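# Fold and contact review
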Amino acid sequence: MKSVVHYRAGDAAAVAHIEDLPEAPVPRAGEIHVRVSISPVHRGDLVATETGLPDGSAGRRLGTEAAGVVTAMGPSVPALRVGDRVAVFPAPGAWSEHITVPAEAAVAVPDSLSDETASALLVNTITSRDVLRAVDERRAAAAAPSDSPLLVSGAASAVGKLIVQ
């Protein structure tokens, strides 16, 4: 199975490369195996290469989110079926042809949603939620009304659009 990996800290363009690795493990209880169709690159993925590896690590597969198709399931996965299209996050090692992840990290996506959109769906939603929570905390700390104006820079981005909504 092909996967993007790195073995030392540095700029992703210099330290990340494609390597043949053993297949993703067979899913255990509560896990699914996904054939990845697309996995986007975002800043967090690149920071992972810049900050290095955990002590004692021999290397790390890159990527944290993806879209694909469920190809196998462990027991106790009630909401998904083999053949379902899914978005997954967090999905460590998502820049791989196949991944095994907890089923709770996956959301079924309709056929009308492109893989490109589905692959970024969860991280954008979670990022938007976190931004809005931070805004609420700042407003509360400043004793500002909850309906005080919020300036959204980059409102045309996926995260910006979710915040505006």
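Above this text you will find the structure in question.
Residues numbered from 1 in each chain as written. Predicted model: local features only at pLDDT ≥ 70, side-chain atom pairs only at ≥ 80, totals over all residues. Heavy atoms only, no water.

Turning our attention to the overall build of the chain. When helices and strands are tallied, the chain shows 4 helices and 8 strands. What you see in the chain, going N to C, is helices and strands ordered as β-α-β-β-α-β-β-β-β-β-α-α. Its C-alpha atoms put the chain at 55 × 40 × 25 Å along the principal axes. For the chain, the residues scored as buried account for 37% of the 165 residues in total. A separation threshold of at least 6 residues defines the contact pool for the chain, and within that pool the share at least 24 residues apart is 63%. Carbon and sulfur atoms provide 58% of the accessible area of the chain, an area that totals close to 9,400 Å². Each charge class in the chain was averaged separately, 14 positive and 19 negative side chains, and the resulting centres sit 2 Å apart. (Helix = DSSP H or I, 4+ residues; strand = E, 2+ residues; numbered from the N terminus. Buried < 20%, exposed > 50% of the residue type's maximum accessible area, 1.4 Å probe, protein only. Contact = heavy atoms within 4.5 Å. Areas by Shrake-Rupley, 256 points an atom, 1.4 Å probe, with all protein chains shown as cover. Lys, Arg positive; Asp, Glu negative; His and termini not counted. Charge placed at Lys NZ, Arg CZ, Asp CG, Glu CD.)

A word on the sheet that holds strand S4 (residues 60–61). Across the sheet, which stays open at both edges, the 3 strands sit in the order S2-S1-S4 with antiparallel pairing between neighbours. Either end of the sheet is taken by a strand with one partner, and the two such strands are strand S2 (17–20) and S4. Pairing of strand S1 (residues 2–6) with S2, which is carried by 4 bridges, proceeds in the antiparallel orientation. Residue pairing in the sheet places Ser3 in a bridge with Glu19 of S2. (Pairing = 2+ DSSP bridges.)

Attention now goes to the environment of Leu150. Secondary-structure assignment places Leu150 in the loop between helix H3 (115–141) and helix H4 (158–164). Taking relative accessible area as the criterion, Leu150 reaches 41% and is therefore assigned partly exposed. Spatially, the C-alpha atoms of Leu150 and Glu50 are 33 Å apart, while their sequence positions differ by 100 residues. Setting aside anything within four residues of it in sequence, one finds Leu150 in contact with Leu132, Val135, Arg139 and Ile163.

In this section: H3. Look at H3: 40 Å from first C-alpha to last across 27 residues, which is about the 39 Å you get at 1.5 Å a residue. At Leu121, H3 shows its largest bend, some 40°. Every buried residue belonging to H3 is among Ala118, Ser119, Ala120, Leu122, Val123, Asn124, Ser128, Val135 and Arg139, and all of these are buried. The secondary structure elements touched by the buried residues of H3 are strand S3 (31–38), strand S5 (66–73), strand S6 (85–88), strand S8 (106–108) and H4. One or two positions beyond H3, positive phi appears at Ala143, with a value near 55°. (Expected span 1.5 Å × (residues − 1). Bend = angle between axes of the 7 residues up to and from the residue.)

If you look at soluble globular proteins, the nonpolar side chains tend to sit buried side by side. Ranked by size, the top nonpolar core spans 15 residues in total, and within it Ile32, Val86, Val88 and Ile99 carry the most contacts. The contacts of Val88, once residues within four sequence positions are left out, are Val34, Thr64, Glu65, Ala66, Ile99, Val101, Ala105, Ala106 and Leu122. Counting 7 residues, the second largest nonpolar core, distinct from the first, contains Phe89, Val109, Leu122 and Val123. (Core = buried A, V, L, I, M, F, W, Y, C linked by side-chain atoms within 4.5 Å.)

To continue, consider the side chain of Asp45. Residue position: Asp45 is located in helix H2 (residues 43–50). Here Asp45 sits buried without a salt bridge, and the closest side chain of opposite charge, Arg60, lies 9.0 Å off (N-O distance). Excluding its chain neighbours within four sequence positions, the residues that come into contact with Asp45 are Pro40, Leu62, Gly63, Thr64 and Trp95. (Salt bridge = Lys/Arg side-chain N within 4 Å of Asp/Glu carboxyl O.)

So yeah, pure geometry; function would need other evidence.
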